[in-house]
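Examination of the molecular architecture
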Amino acid sequence: AHDYFSHTDRLGRSPFDRIAAFNYPTSNTWRGENLAAGNAGAQPTFTQWLNSPGHNANMLHREFRAIGVARVYDASSTYGWYWTTTFGSRLVQPANRQQGGFAAARARFTPAQRRQIMRTSRGCHRLQQRRGRMNRRVYQQTFRRHQCGRFLRLGRQLGYIPR
């Protein structure tokens, strides 16, 4: 927070510049931002925005379909708690921290490769879940034969099985 409270950040960037810097689509999209300060909880902050005509208009804007919410606390600052909501008119695939998103990770493979990864990673995941009920040697042979370690990693990266 650095005891700074403005839609334009300390580097001179507007909310729209920051949205673009995080690869949110900027052409043919609606974008907006609400800021609030001083409340620790979500409900008082929401009420604060609700009671402000400009902020309430952002929340009710008919084009907004996506939202990002953040808060930060700085005990040495004027307001303590700082909140921001960023609104957009396009829904985008959530980012995978290591891979730049499931869509980006999946794009590295052909459709046939993706089908093989999906089938094998799901099968290996089921195999892992049944491990306690199987003969240890049979489990290890099956796991190695199907290269389950590799396929489990790929399946998780591509979003086909839970992390």
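Residues numbered from 1 in each chain as written. Predicted model: local features only at pLDDT ≥ 70, side-chain atom pairs only at ≥ 80, totals over all residues. Heavy atoms only, no water.

**Quick word on the overall build of the protein**
Scanning the protein from N- to C-terminus turns up 7 helices and 3 strands. Each helix and strand of the protein, placed in order from N terminus to C terminus, yields the pattern α-β-α-α-β-β-α-α-α-α. Residue pairs in contact within the protein that sit at least 24 positions apart in sequence constitute 59% of those at least 6 positions apart. For the protein, the computed accessible surface area is about 11000 Å², with 52% contributed by carbon and sulfur atoms. (Helix = DSSP H or I, 4+ residues; strand = E, 2+ residues; numbered from the N terminus. Contact = heavy atoms within 4.5 Å. Areas by Shrake-Rupley, 256 points an atom, 1.4 Å probe, with all protein chains shown as cover.)

**Looking at the confidence of the model for the protein**
With 90% of its residues at a pLDDT of 70 or more, the protein shows a mean pLDDT of 80. Of all secondary-structure elements in the protein, the lowest mean pLDDT belongs to helix α4 (residues 102–106), at 62, while helix α2 (residues 42–50) reaches the highest, 93. For the stretch residues 95–100, pLDDT sits under 50, and the model shows 10 contacts to residues farther than four places along the chain or on other chains. (pLDDT = per-residue confidence, 0-100.)

**Points about the nonpolar core**
With 7 residues, the main nonpolar core is built from Cys-124, Leu-127, Tyr-139, Phe-143, Cys-148, Leu-152 and Ile-161. Put simply, the parts of the chain that give this core at least two residues each are α5 (111–129), α6 (136–145) and α7 (148–157). If near-sequence neighbours (up to four positions away) are discounted, Ile-161 is found in contact with Ser-121, Arg-122, His-125, Leu-152, Gly-155 and Arg-156. (Core = buried A, V, L, I, M, F, W, Y, C linked by side-chain atoms within 4.5 Å. Buried < 20%, exposed > 50% of the residue type's maximum accessible area, 1.4 Å probe, protein only.)

**Re the packing of α5 against α7**
Interaxial distance between α5 and α7 falls to 8 Å at its minimum, and their mutual angle equals 110 degrees. The orientation of α5 with respect to α7, classified from their angle, is roughly perpendicular. Between α5 and α7 the crossing geometry is left-handed. Residue-level contacts link Gln-116, Ile-117, Thr-120, Ser-121, Cys-124, His-125, Leu-127 and Gln-128 of α5 to Cys-148, Phe-151, Leu-152, Leu-154, Gly-155 and Arg-156 of α7. The residue inventory of the contact of α5 with α7, partitioned by class, reads 7 nonpolar, 6 polar and 1 charged. (Axes fitted to C-alpha atoms, helices over the stretch in contact; angles between N-to-C directions. Parallel < 35°, antiparallel > 145°, perpendicular 65-115°, else oblique. Left-handed = near helix turned anticlockwise from the far one by under 90°. Nonpolar A, V, L, I, M, F, W, Y, C, P; charged D, E, K, R; others polar.)

**Things to note about α5**
When the terminal C-alpha atoms of α5 are compared, their 27 Å separation across 19 residues agrees well with the 27 Å that a helix rising 1.5 Å per residue should span. Ile-117, Thr-120, Ser-121, Cys-124, His-125 and Leu-127 are the residues of α5 that are buried. Down the axis of α5, the smallest arc covering the buried residues is 155 degrees, so these residues share one side. For α5, the exposed residues lying more than 90 degrees away from the buried face are Arg-119 and Gln-129. Those residues of α5 hidden inside the fold are in contact with α6 and α7. (Expected span 1.5 Å × (residues − 1). Arc of directions from axis to C-beta.)

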